[in-house]
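# Understanding the architecture of this molecule
In case you want the letters, here they are:
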Number of protein chains: 2
Amino acid sequence: MHPSVLGGASLLIAWQLKDKHVLIVGGGDVASGRIESVLAADARVTIISPSSGLHPLAKQYIEGSYPITYHDRTFGGAEDLSGVDMVLTAIDDVSQSRTICALCRDLKIPVNVADIPDSCDFFFGSQIRDGPLQILVSTNGQSPKLANIIKRKIEKHLPEHAGNAIAAVGRLRTLLKERAPGVGGEVSKRRMKWMVDVCNSWDMEELAQLDEQTMKKLLDAGWENGTVPNPRDLGMRWKWPTNVSTAINTAVPALTFVAGAACASILLLSRLSRSR
Amino acid sequence: MHPSVLGGASLLIAWQLKDKHVLIVGGGDVASGRIESVLAADARVTIISPSSGLHPLAKQYIEGSYPITYHDRTFGGAEDLSGVDMVLTAIDDVSQSRTICALCRDLKIPVNVADIPDSCDFFFGSQIRDGPLQILVSTNGQSPKLANIIKRKIEKHLPEHAGNAIAAVGRLRTLLKERAPGVGGEVSKRRMKWMVDVCNSWDMEELAQLDEQTMKKLLDAGWENGTVPNPRDLGMRWKWPTNVSTAINTAVPALTFVAGAACASILLLSRLSRSR
């Protein structure tokens, strides 16, 4: 990015909630989406909302076997924030929302108040998830609908098996660290370079097929010799059919050419046979 | 997302840094990237790093006209964290990094320590920016390289003018709020529904071309009557050439067909003329 175009952005980050305590005030449709997002990030959740206002999805989470504590009431004050690491509110009461935000800021608890941008330390956006792969599309509050449209376009063009490929590469990296341990320094740089070479040499489908045994072969033949062998050399075969759209993209021009040739031939031959 | 696949993710968010104070400890290549990211989000920045270790890009930022305070020294202790809203460290000294992290957690300051996952409240990922549009690709620490590869694939397939379209829709929404003010309730829902209809009816290129005058026409003819007029009906013309790749995609099959027909004709005619 050129320095002259700096400014106007948010800092997009992947916040860690494992074993953190998130308070959600509200139980409507927006709150339901929030519950899902924080459960996906392994948070412990407390929900405060009168049961009369619970969305069916929120109800489903509360009644399911999730790490959720539920209070059937409205927000009670600062004591509800004790031991809380993050607060998300989605209620219609604007003045109550502002009160909660002020308390959170005093206590330095990150807070998001739905629909009140200046009471938000952070915003949400449209999200994609495929195993360890997560993608956030943010329009910086300008157009949630376009964020959603762009998200769907991205989904359509995501490499197949991207999530599996990432999981496999993560596992390969762990095995490599066991084989060549050490933090920082030369070994760290060599490991990083070799992993980059693997990701650049193999395509997403090939990486996604790496099983534990092939990883061992790859480390034996590749890491130990400072090279990246071809997947075929390690005896890998296709588990998945090759990308169908690639096959079609290759076949269509050929078939179109043949169709043109056939049409012209039929036309010419029929005319010539008639003219003879 | 089905509840059964919850877990294992991060919470992807767009953190707000406007007028917030970010401390960056370190001045190498990783730190340089961090400086750029937080300046893009309108933060005030303090950099602590001995000048001997400064990357040319970090130096360029420090010497440029950015809201940066620079200290030519190593981290000095808790007093360096006074008034700080976020801390990012990228230094080789692992024990120093852990000390900074512990201080931040005591003070409830969000912290990211490069290369030490358990000292991070949040992670970074590969990012795309086009004006108000920002996209984060995270592999949850499994493979930064694949995050980068996927980012480049997404970039290639992003709708043209997406950033301009989002900016225009954001402006249209502001104008609509001026025309039909009010927070919450019926008017808010009607506004949201109409904006969604506009985004669904017009394509990205058309939205990107909306100027102030056409927005007024769109509000007069559309909002006031509860409809979404066609861009042509508002007298819009193409400022940009139509998407070149779409044109090529349409023309190629036709040309291939013609080429097939031509080849077959030439072949047939030459054979026939010889055989006569």
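Since we're looking at a predicted model, the values are computed, not measured.

Once chain B is rotated about the relating axis by 180° and shifted along it by 0.0 Å, it coincides with chain A to within an RMSD of 0.4 Å. Overall, the copies show the geometry of a two-fold rotation axis.

Here we come to the sheet that holds strand β3 (residues 44-48) of chain B. Residues and elements named next belong to chain B. Taking strand neighbours across the sheet as the criterion, the 5 strands line up as β4-β3-β2-β5-β6 in an open arrangement whose pairing is parallel. For this open sheet the edge positions go to β4 (68-71) and β6 (111-113), each flanked by a neighbour on one side alone. Adjacent strand axes in the sheet meet at a mean angle of 15°, parallel and antiparallel pairs treated alike. Running at roughly 170° to strand β2 (residues 21-25), helix α1 (residues 29-40) makes contact with β2, β3, β4, β5 (86-89) and β6 of the sheet.

This part covers the packing of aromatic side chains. This model, assessed by the stated rule, comprises 9 aromatic pairs over all chains. Pairing tryptophan 15 of chain A with tryptophan 15 of chain B gives two aromatic rings, centres 4.8 Å apart and planes at 0°, and the pair type is stacked. Separated into two different chains, tryptophan 15 of chain A in strand β1 (residues 11-15) and tryptophan 15 of chain B in strand β1 (residues 11-15) make up a pair that spans both. Judged by relative accessible area, tryptophan 15 of chain A falls into the buried class, the value being 7%. Through a chain of ring-to-ring contacts, the aromatic side chains of Trp15, Phe122 and Phe124 of chain A together with Trp15, Phe122 and Phe124 of chain B assemble into a single cluster. Its guanidinium or amino end placed over the ring of tryptophan 223 of chain A, arginine 190 of chain A lies 3.8 Å from that ring's centre, counting from NZ or CZ.

Before going further, it helps to spend a moment on the side chain of serine 265 of chain B. Its place among the elements puts serine 265 of chain B in helix α9 (residues 244-275). Setting aside residues no more than four positions away along its own chain, serine 265 of chain B makes contact with Ala264 and Leu268 of chain A.

Right, let's talk about the interface of chain B and chain A for a bit. Listed as interface residues are 86 residues of chain B and, on the opposing side, 86 residues of chain A. If you sort the residues of chain B by the area they bury against chain A, Leu11, Trp15 and Gln134 of chain B come out on top, with a joint share of 10%. Taken together, the links from chain B to chain A amount to 0 salt bridges. Where chain B packs against chain A, one counts 32 residue pairs in polar contact (both at pLDDT 80 or more). For the side of chain B that touches chain A, the leading source of residues is α9 of chain B, giving 12 residues. Of the residues in the side of chain B that touches chain A, the class split is 56 nonpolar, 20 polar and 10 charged.

Turning next to the domain arrangement of chain A. Each domain of chain A was delimited in the assignment, giving domain 1 (13-124) and domain 2 (162-234). The straight-line distance from the C-alpha centre of domain 1 of chain A to that of domain 2 of chain A is 41 Å.

This part is about the environment of glycine 222 of chain A. Residue and element names in this part refer to chain A. Along the chain, glycine 222 falls in the loop between α8 (212-221) and α9 (244-275). Sequence separation between glycine 222 and tryptophan 194 is 28 residues, and the spatial gap between their C-alpha atoms is 8.7 Å. Among residues more than four places away in sequence, those in contact with glycine 222 are Trp194, Lys217, Thr227 and Pro229.

Residue and element names in this part refer to chain B. Position of tryptophan 223 relative to the elements: it lies in the loop between α8 (212-221) and α9. In sequence terms tryptophan 223 and glycine 170 are 53 residues apart; their C-alpha atoms lie 16 Å from each other. Excluding residues within four positions of it along the chain, tryptophan 223 makes contact with Leu176, Arg179, Ala180, Arg190, Arg191, Trp194 and Leu218.

It is worth spelling out the pairing of β2 of chain B at this point. Residue and element names in this part refer to chain B. Counting buried residues along β2, 5 of its 5 residues qualify, which places the element largely inside the surrounding structure. Burial along β2 is two-sided: His21, Leu23 and Val25 facing one way and Val22 and Ile24 facing the other are all buried. In terms of strand pairing, β2 meets β3 through 5 bridges, oriented parallel. Of the residues in β3, the one forming a bridge with histidine 21 is arginine 44. Where β2 meets β5, 4 bridges bridge the pair, whose relative direction is parallel. Each bridged residue has a counterpart across the sheet, and for valine 22 the counterpart in β5 is methionine 86.

Basis of the calculations
Along each chain, residue indices are assigned from 1 in the same order as the chain's sequence is written. For naming, the first written chain is A and the first written ligand is 1, with later ones following in the order written. The model is predicted, so local features are restricted to residues of pLDDT at least 70 and side-chain atom pairs to those at 80 or more, both for listing and for counting; the totals for chains, interfaces and linings are taken over all residues. The basis for every side-chain value is the complete set of heavy atoms in the structure, and neither hydrogens nor water enter the calculation. Least-squares superposition aligns the copies on the C-alpha atoms of those residues with pLDDT at or above 70 in both. Pairing between strands requires that DSSP locate at least two bridges from one strand to the other. To qualify as a helix, a DSSP run of H or I must reach at least 4 residues; to qualify as a strand, a run of E must reach at least 2; elements of each kind are numbered from the N terminus. Lines fitted to the C-alpha atoms define the axes, with helices restricted to the stretch that makes contact. Angles between their N-to-C directions range from 0 to 180 degrees. In what follows, a contact means two residues having at least one pair of non-hydrogen atoms within 4.5 Å. Within 6.5 Å between ring centres, the rings of Phe, Tyr and Trp (the latter by its six-membered ring) count as paired, and their orientation is classed by plane angle as stacked under 30 degrees, edge-to-face over 60, tilted in between. Burial here depends on accessible area, computed with a 1.4 Å probe over protein chains only, as a share of the maximum for the residue type. Under 20% is buried, over 50% is exposed, and the range in between is partly exposed. We call a charge positioned over a ring when the NZ of a Lys or the CZ of an Arg lies within 6 Å of the ring centre and within 35 degrees of the ring normal. By buried area we mean the combined loss of accessible area, with a 1.4 Å probe, across both parts when two parts are placed together. Note on definitions: salt bridges are taken to be side-chain nitrogens of Lys or Arg within 4 Å of carboxyl oxygens of Asp or Glu. Side-chain atoms alone can form a polar contact between residues adjacent in sequence; in general such a contact is a pair of N or O atoms within 3.5 Å, and within protein one must be able to donate a hydrogen while the other accepts it. Each residue receives one of three labels: charged for Asp, Glu, Lys and Arg, nonpolar for Ala, Val, Leu, Ile, Met, Phe, Trp, Tyr, Cys and Pro, and polar for the others, Gly being one of them. Where each domain starts and ends comes from a domain assignment, either automatic or drawn from a database.

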